[in-house]
Number of protein chains: 2
Amino acid sequence: MKEISKLMDFRPDIKVLDATLRDGGLVNDFYFTDDFVKKLYRTNVKAGVDYMEFGYKASRELFDAEEYGKWKFCKDEDIRAIVGENNTDLKISVMADVGRCDYKTDILPREESPIDLIRVATYIHTIPAAADMIMDAADKGYEVACNIMAISQAKESSIRTALEILGQTPVSTFYIVDSYGSIYPEEMARMADMFLETAEKYGKKVGIHAHNNLQMAFANTAEAVGDGVDWLDATYAGMGRGAGNCAMEMLLGFLKNPKYKVYYAFQFVESEMQKLRDEGIVWGYDLQYMMTGLLNQHPREAIAFTKDGRKDYARFYQELTRLD
Amino acid sequence: MKEISKLMDFRPDIKVLDATLRDGGLVNDFYFTDDFVKKLYRTNVKAGVDYMEFGYKASRELFDAEEYGKWKFCKDEDIRAIVGENNTDLKISVMADVGRCDYKTDILPREESPIDLIRVATYIHTIPAAADMIMDAADKGYEVACNIMAISQAKESSIRTALEILGQTPVSTFYIVDSYGSIYPEEMARMADMFLETAEKYGKKVGIHAHNNLQMAFANTAEAVGDGVDWLDATYAGMGRGAGNCAMEMLLGFLKNPKYKVYYAFQFVESEMQKLRDEGIVWGYDLQYMMTGLLNQHPREAIAFTKDGRKDYARFYQELTRLD
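A brief look at the structure comes next. (Residues numbered from 1 in each chain as written. Chains lettered and ligands numbered in written order. Predicted model: local features only at pLDDT ≥ 70, side-chain atom pairs only at ≥ 80, totals over all residues. Heavy atoms only, no water.)

### Some details on unusual backbone geometry
In this model, C74 of chain B sits at a positive phi of 45°, which is unusual for a non-glycine residue. Even without a glycine there, the phi angle at Q215 of chain B is positive, about 55°.

### Considering the relation of the copies chain A and chain B
Spelled out, the test is: Superposition of the copies was done by least squares, using only C-alpha atoms of residues whose pLDDT is at least 70 in both.
Mapping chain A onto chain B calls for a rotation angle of 180° and an axial translation of 0.0 Å; the resulting RMSD is 0.0 Å. The operation mapping one copy onto its partner corresponds to a two-fold rotation axis. Using C-alpha coordinates, one finds that chain A approaches the rotation axis most closely at Q215 of chain A, a distance of 3.0 Å.

### Comments concerning the sheet that holds strand β4 (residues 117-122) of chain A
Residue and element names in this part refer to chain A. Inclusion rule: The rule for pairing is simple: two strands pair if DSSP sees at least two bridges between them. Helix and strand labels come from DSSP, where a helix needs a run of H or I of at least four residues and a strand needs a run of E of at least two; each type is numbered from the N terminus. Angles here are taken between N-to-C directions and fall from 0 to 180 degrees, while the axes themselves are lines fitted to C-alpha atoms, restricted in helices to the stretch in contact. In this analysis, two residues are considered to be in contact whenever any of their non-hydrogen atoms come within 4.5 Å of each other.
Reading around the circumference, β1-β2-β3-β4-β5-β6-β7-β8 is the order of the eight strands in this closed barrel, with parallel pairing throughout. Across the sheet, the axes of successive neighbouring strands diverge by a mean angle of 25°, strand direction being ignored. With four bridges connecting them, strand β2 (residues 51-56) and strand β3 (residues 91-97) associate as parallel partners. The residue bridging M52 from the neighbouring strand is I92, located in β3. In the packing of helix α8 (residues 185-202) onto the sheet, contacts are made with β5 (143-148), β6 (173-177) and β7 (205-209), and the angle to β6 comes to roughly 160°.

### Describing the pattern of salt bridges
Quick note on the threshold: Put simply, a salt bridge is a Lys or Arg side-chain nitrogen that is within 4 Å of an Asp or Glu carboxyl oxygen. When a residue's accessible area, from a 1.4 Å probe over protein chains only, is under 20% of the maximum for its type it is buried; when over 50% it is exposed; and in between it is partly exposed.
For the structure shown, the criterion picks out 46 salt bridges over all chains. Note that D233 of chain A and R119 of chain A form a salt bridge whose closest N and O atoms lie 2.9 Å from each other. In this pair, D233 of chain A sits in strand β8 (residues 231-234) while R119 of chain A sits in strand β4, placing the two residues 114 residues apart along the sequence. The partner of E319 of chain B in a salt bridge is R310 of chain B, and the shortest N-O contact between them spans 2.9 Å. A relative accessible area of 35% means that E319 of chain B is categorised as partly exposed. On the accessibility criterion, R310 of chain B (24% relative accessible area) is partly exposed. Put simply, R22, D23, E53, R119 and D233 of chain A are held in one network by salt bridges that share partners.

### Some words on the environment of D139 of chain A
Residues and elements named next belong to chain A. Position of D139 among the secondary structure elements: in helix α6 (residues 127-139). On the accessibility criterion, D139 (69% relative accessible area) is exposed. Put simply, D139 and K155 are 16 residues apart on the chain and 31 Å apart in space, counted from C-alpha to C-alpha.

### Quick word on the packing of aromatic side chains
Cut-off, in case you're wondering: Pairing of aromatic rings covers Phe, Tyr and Trp, the last counted by its six-membered ring, and requires centre-to-centre distances within 6.5 Å; plane angles under 30 degrees mean stacked, over 60 mean edge-to-face, and any other angle means tilted.
In total, this model carries 30 aromatic pairs over all chains according to the counting rule given. Aromatic side chains F32 of chain A and F36 of chain A sit 5.1 Å apart centroid to centroid with 20° between the ring planes, which places their arrangement in the stacked category. Judged by relative accessible area, which is 8%, F32 of chain A ranks as buried. When the ring of F266 of chain A is compared with that of Y317 of chain B, the centres are 4.7 Å apart and the planes differ by 55°; the resulting orientation is tilted. With F266 of chain A in helix α11 (residues 262-278) and Y317 of chain B in helix α14 (residues 313-321), this residue pair bridges two chains. Aromatic ring contacts, followed pair by pair, group F32, F36, Y236 and F268 of chain A into a single cluster.

So, in structure tokens, the structure goes:
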């Protein structure tokens, strides 16, 4: 059983990463106004958030730039138009997906870029490709994290092997990514232990990126903090694909380090996130996502259910559980 | 760390109690239609729920029957109009609040009543009054549980003393009630351990009634199951005061005992709970409840904020945290 002190005290090593533009961008195809992004940036600075992720470095060969907002591609000049020289304590992150980005050409040397951190997102079966991207980014001078997605469907033996491979790269942080929102806190405790074991061996940190299908995103993040996980993803109002993520306003309210100021998060949610909802952008916990979470499935069918405006939840559950 | 088997297997001792009419009644002043209550009853029977709580046995001296629906008072004949002889496996429960009911006169002998279980609700400082109510109900032939409310504000030493007093009564179950939705899963694990220690000494069971202020109602309930807590409260769509409760559809989806049939819960939420929302009845997670949960406060100011249709969350947080 954990010690009470872990809830009462704080670890200075904890880092909070705002993924609103990146995971939230999956909801609105990355169409955020510059006004929104600037306010988000200023909020993160004031609230004491450590990293702000602007979006993906997606391939402009594979994806049509006409079909997405600019944060799908995160050109350095677009980031610079928001942050200038970024003379703040807030660091800038972008995500690069294995197989979906032209990292050799699109990620510039660190000294030419406003970006501080490259997060490589991978599935368990594409770890060698992720390792190549990590080397590339580290060689260019970046801090690098690696997000292992859909971890609830990976076998422990595969996870151990993946972490051993990553441990030998210059990555600084291994991320547990509960893409399907299927993990219970007691499973998260076991997962964190497994990650931390290899992380400590190689001098790495562990992070968590949670989804809210079972209303466990915050619970799992709080659990992971108690287990020794240091890097914490959150998004304002929990905006993110499907059921969304751990809400920044909950996380900052929970963390005890006085540098975090939850008040600014409340302000931003009240004024800016509510506007997005009023515009008809839909995310967050609902039965269809809970069902895919319970069943440890990708939420794509639940997202389609939402898009189609369906409300026949019981029938949807029958569809999901048809075994023929 | 808990064993994997606790999530994979099931304990036959687990009991699920539907508190929709009772905690949900706090949202709509207990005005449920007979049609709704009959459908709820049939759903509980089909879904394998163990107990259905119809509401409170509130004093008709203290409360004006004109101002509330009938489930605030749960007259035996009103229950019988729904369940007849209740020739099912579903047992019937009502709640009696310390200081708010005329239990000596209003609770009839068990053999004259459709009720199986009396749940005595108490704060930590009214345990002796609760003990008297427990004796009365047990003498009349009922199974009795005791719900200790606002447990997040009680000292461990007070809780231990309270449980020692209750241990010596004929109560069958001690309930951990997180009235303010302020407890994190790792605190719940410690709380459950404390309750279970005394429960085992006196041959009692432990229950959990969670609130969703921090989106922890389900997480805490799942945590408690893993810790050895057997009695689990839930409400359909999480309907309950303020941020609401652990959702029945999540709980039944989580529990592994094949007697529980989550499909009927989905059907009921889709058809009946949605209707209540469409009628303008409001409950569930929102920022104002999250704030009172974070601050370990009674939600009354958050409920007023909701009733007044306020949306100025940041200012509300300032009001809650004013120390002058």
